[in-house]
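Structural overview for review
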Amino acid sequence: APYYEEAKECFEKALEEDPNNTEWIMGYATALYRLEAIPGTPEKCKSNQSMNHLRRVLELDPDESLAMVMLALKLQQIKQKKEANELVERALQKSPDVPKVLRNAAKFYRLEQAVEKAIELLEKALGITPHSSVLHDQIGMCYRLQLLELFKNPLCSDPQYPEFQQKMVLINHCKHHFGKAFEHRPKTATKSQLDYADICIRNGEHSEAAEVYSKLLKLEGIRPENMQKIYLQAGIFEMYRRKSDSNAVNLFQKGLKIKNNTKYGKICYTNLDKWVNRKLCRDAHDSKALGVKGLLHQMDGHKSEAIEYFEKALEFDPSNEEYLSALCELRLSFEEHHEL
């Protein structure tokens, strides 16, 4: 996000000098487009700003194919399908061999559930740029959609039916392409690694999935929303596949403490809340559950309830530094608020 923000500001300044420069308008629109896709950015809240600038590019240069497909993807989000389809078709006619145009057109068709068409375009783009991580990730996503659809057919579980063989082919395609997507960029391709782990889990390869999560959890300098998603998916794996509640709870807590207003943080919260309620129903004196309940109240801004639960947790685990630290912080904050 900081790079896109910086780029946006640079293009803004350049456009003050030359407001009709198509290249700079396209650069500005692209920076906005990227920022609009990142949770927590101001642009995400007003996520159609880039559309006006993409339209302006096409006013000045009606043959700018990349602007066509990017605008089509924005129109798709607001259900303006007719214009979006026309733009994609025009872009492919004008630039049938430009990988960025092919990639974005493929994304459009994948989101329209036209998966075969998307794969066809991506394979064509991959023939031009065979080592593109982004293209491998996109193809992996297409095969994953086909695999999830096939899983609905009970015959895919029985080796004597062709559906089983089809399933294994799709699993191999997914693993190959997701693997290629993160092969040379483990820090930036976290999504591809999570998708790879998900395919392993669905194929019963739990030790391989665990290895992927282990590597991801050691990464540093990852964008907060990506780290939050790693904690969430690793936590779900620990809780529901490995049956390790303690590991899962620790991971969900780490995800929740990344104060980012994303769906991943909310799902971490929901998983913790369900676990706490289950534990406290069985044992009202469970110190770990009481401490987590305190954390949930703290995250909700309910300071007095958080203090109450951390105090209860400390009755049964009096030397727990985490609870002591949280309690001191909350009491100090509570006192400061009441002094005002």
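Now for a quick tour of the structure. Note that this is a predicted model, so its numbers are computed, not measured. (Residues numbered from 1 in each chain as written. Predicted model: local features only at pLDDT ≥ 70, side-chain atom pairs only at ≥ 80, totals over all residues. Heavy atoms only, no water.)

1. A look at the overall build of the protein chain
Worth spelling out the cut-off: Helix and strand labels come from DSSP, where a helix needs a run of H or I of at least four residues and a strand needs a run of E of at least two; each type is numbered from the N terminus. Contacts were defined at the residue level, with two residues in contact if any of their heavy atoms lie within 4.5 Å. Accessibility throughout is a Shrake-Rupley quantity obtained with a 1.4 Å probe, and a residue counts as covered only by protein chains that appear here. Lys and Arg are tallied as positive, Asp and Glu as negative. Neither His nor the chain termini are counted. One atom stands in for each charge, and that atom is NZ of Lys, CZ of Arg, CG of Asp or CD of Glu.
Check the secondary structure of the protein chain and you find 18 helices and 0 strands. Across the protein chain, the fraction of contacts at a sequence separation of at least 24, relative to all contacts at a separation of at least 6, is 50%. Counting every atom, the protein chain has about 18,300 Å² of accessible surface; 50% of that belongs to carbon and sulfur. Here the protein chain contributes 49 positively and 51 negatively charged side chains, and the mean placements of these two sets differ by 4 Å.

2. Some details on unusual backbone geometry
Let me state the cut-off plainly: Burial classes follow relative accessibility: with a 1.4 Å probe on protein chains only, a residue under 20% of its type's maximum area counts as buried, one over 50% as exposed, and anything between as partly exposed.
Phi is positive for Lys79, close to 65°, though the residue is something other than glycine. As for its placement among the helices and strands, Lys79 is situated in the loop between helix H5 (65-77) and helix H6 (81-94). With a phi close to 55°, Lys243 is a non-glycine residue in the positive phi region. Judged by relative accessible area, which is 62%, Lys243 ranks as exposed.

3. A short note on a nonpolar patch on the surface
Selection criterion: Residues enter patches when they are more than 30% accessible in relative terms and free of salt bridges; like-charged ones are connected within 9 Å and nonpolar ones (Val, Leu, Ile, Met, Phe, Trp, Tyr) within 5 Å. Salt bridges are identified by distance alone: a Lys or Arg side-chain nitrogen within 4 Å of an Asp or Glu carboxyl oxygen.
Where nonpolar side chains cluster on the molecular surface, the patch consists of Ile236, Tyr240 and Ile267 and spans about 240 Å² of accessible area. Within the secondary structure layout, Ile267 lies in helix H15 (residues 263-282). Residue Ile267 is classed as partly exposed on the basis of its relative accessible area, which comes to 36%.

4. A word on the pattern of salt bridges
As enumerated under the stated definition, the model contains 24 salt bridges in all. Between Lys191 and Asp137 there is a salt bridge whose closest N-O contact spans 3.3 Å. Residue Lys191 is located in helix H11 (residues 190-202), and its partner Asp137 is located in helix H9 (residues 133-151); the two are separated by 54 residues in the primary sequence. The exposure class assigned to Lys191 is partly exposed, which follows from its relative accessible area of 30%. Across the pair Glu225 and Arg223 runs a salt bridge whose closest N-O atoms are separated by 2.6 Å. What makes Glu225 buried here is its relative accessible area of 6%.

5. Considerations on the layout of surface pockets
Note the cut-off: The way it works is a 1 Å grid over only the protein atoms, where trapped points that fit a 1.4 Å probe form a cavity and open points with protein on both sides within 12 Å along at least five of seven lines form a pocket, and then any residue with an atom within 4 Å of a point lines it. Grid points are joined across faces, edges and corners, and a volume is the space filled by probe spheres set on the points. Residues were grouped as follows: Ala, Val, Leu, Ile, Met, Phe, Trp, Tyr, Cys and Pro as nonpolar; Asp, Glu, Lys and Arg as charged; and all remaining residues, including Gly, as polar.
If you add up the space inside the largest pocket, you get close to 2,200 Å³. Looking at the largest pocket, it is lined by 50 residues, and the ones nearest its centre are Ala37, Lys107, Gln138, Lys191 and Arg223. Among the elements that take part in the lining of the largest pocket, H9 stands out by supplying 7 residues, more than any other. Classifying every residue of the lining of the largest pocket gives 15 nonpolar, 14 polar and 21 charged.

6. Details of the packing of aromatic side chains
Under the convention used in this document: The aromatic pairing rule takes the rings of Phe, Tyr and Trp, using the six-membered ring of Trp, and pairs them if the centres are within 6.5 Å, calling planes under 30 degrees apart stacked, those over 60 edge-to-face and the rest tilted. We call a charge positioned over a ring when the NZ of a Lys or the CZ of an Arg lies within 6 Å of the ring centre and within 35 degrees of the ring normal.
For the coordinates displayed, the defined rule picks out 4 aromatic pairs. Aromatic side chains Phe108 and Tyr109 sit 5.6 Å apart centroid to centroid with 80° between the ring planes, which places their arrangement in the edge-to-face category. Owing to a relative accessible area of 0%, Phe108 belongs among the buried residues under this scheme. Look at Tyr109 and you get buried, because its relative accessible area is 10%. Judged by centre distance (5.2 Å) and plane angle (40°), the ring pair of Tyr213 and Phe237 falls under tilted. A residue pair is termed long-range when its members are at least 10 positions apart, and Tyr213 in helix H12 (residues 206-218) and Phe237 in helix H13 (residues 224-240) qualify at 24 residues. Of the two residues examined, Tyr213 and Phe237, each falls in the buried class. Geometry around Tyr309 places Lys312 over its ring, the cationic atom sitting 4.9 Å from the centre.

7. Here we look at the environment of Ser325
Residue position: Ser325 is located in helix H18 (residues 321-339). Sequence separation between Ser325 and Pro62 is 263 residues; the distance between their C-alpha atoms is 61 Å.

8. Side note on the state of the cysteines
Rules: Disulfide: a pair of cysteine sulfur atoms within 2.5 Å of each other.
In total, this model carries 0 disulfides according to the counting rule given. Its sulfur unpaired, Cys156 is 13 Å from the next cysteine sulfur, which belongs to Cys174. The cysteine Cys200 is free of any disulfide, with Cys174 supplying the nearest cysteine sulfur at 10 Å. Taking relative accessible area as the criterion, Cys200 reaches 0% and is therefore assigned buried.

9. Considerations on helix H16 (residues 287-299)
Basically, it comes down to this: What a helix should span is 1.5 Å times the count of its residues minus one. Under the rule applied, a polar contact is a pair of N or O atoms within 3.5 Å (in protein, one hydrogen donor and one hydrogen acceptor; residues adjacent in sequence only if both atoms are side-chain atoms).
Between its first and last C-alpha, H16 extends 18 Å over 13 residues, near the 18 Å set by a 1.5 Å rise per residue. Most of H16 is tucked away: 10 of the 13 residues are buried. Between a side-chain oxygen at the N-terminus of H16 and the backbone nitrogen of Lys288 the separation is 3.1 Å; the capping residue is Asp286. Positive backbone phi, at 85°, marks Gly301, one or two positions downstream of H16.

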